Amino acid sequence: RVVLTRVCTVPVEHLSFIWPQARGFVEAALARQKDVRRYEATDILELLLAGKVRLWISWDPDRERVEAAIVTEIIEYPRLRELLVWLVGSDNMKACAREAYDMLEAYARDRGCSIISGRLRRGWIRIGGPGWYESSACFEKRLDVSGDG
């Protein structure tokens with residue numbers, strides 16, 4: 001029996017083929033940033049093409065299409081290396097979540113990372129499984145740059 005992997009990383013040279021299918025999931029993840037738009041999908045594509053971040057997808061073999069997109073970044077600190085799971089979008093994450101986490105963890109270990117973190121919604125901690133914990137909360141306040149507020 002042949003078992004095909006659903007989740008894989010997308011090499012830069014294949015982005016032009018995969019990006020049209022993954023873009024909507026990236027846009028959905030970016031839209032959850034509420035009114036603070038740090039990035040647009042085109043900015044993410046530029047980072048991907050420059051090799052600064054990495055795109056992972058889950059492929060639905062029955063529907064022959066991308067069902068999830070994950071953007072990760074390796075961050076170098078003075079004392080450790082971290083794999084940041086930055087953006088996650090999917091219409092069927094339950095089908096690929098376990099495989100995605102396993103692949104991301106193996107990738108992080110292979111790249112010498114000491115930690116994996118995610119800027120995700122709280123519900124993702126349940127999907128992550130044993131060993132995952134909430135380490136902090138993120139607070140934001142939008143500042144009026146005109147000085148009126």
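You'll find the structure just up there.
Please read all numbers here as calculations on a predicted model, not as lab measurements. (Residues numbered from 1 in each chain as written. Predicted model: local features only at pLDDT ≥ 70, side-chain atom pairs only at ≥ 80, totals over all residues. Heavy atoms only, no water.)

Here we come to the packing of aromatic side chains. A complete count under the given rule lists two aromatic pairs for this structure. When the centroid spacing of 4.9 Å and the interplanar angle of 75° are considered together, the rings of Tyr39 and Trp86 count as edge-to-face. In this pair, Tyr39 sits in the loop between helix H1 (15-31) and helix H2 (41-49) while Trp86 sits in strand S4 (residues 81-90), placing the two residues 47 residues apart along the sequence. The class of Tyr39 is partly exposed, set by a relative accessible area of 29%. In this structure Trp86 comes out as buried when scored by relative accessible area, which is 9%. Taking the centre distance of 5.1 Å and the plane angle of 80° together, the rings of Trp56 and Tyr107 count as edge-to-face. Taken as a pair, Trp56 in strand S2 (residues 54-60) and Tyr107 in helix H3 (residues 93-110) lie far apart in primary sequence, 51 residues in all. Exposure remark for Tyr107: the relative accessible area of 11% places this residue in the buried category. (Phe/Tyr/Trp six-rings, centres within 6.5 Å; stacked < 30°, edge-to-face > 60°. Helix = DSSP H or I, 4+ residues; strand = E, 2+ residues; numbered from the N terminus. Buried < 20%, exposed > 50% of the residue type's maximum accessible area, 1.4 Å probe, protein only.)

Keep in mind these values describe shape, not function.
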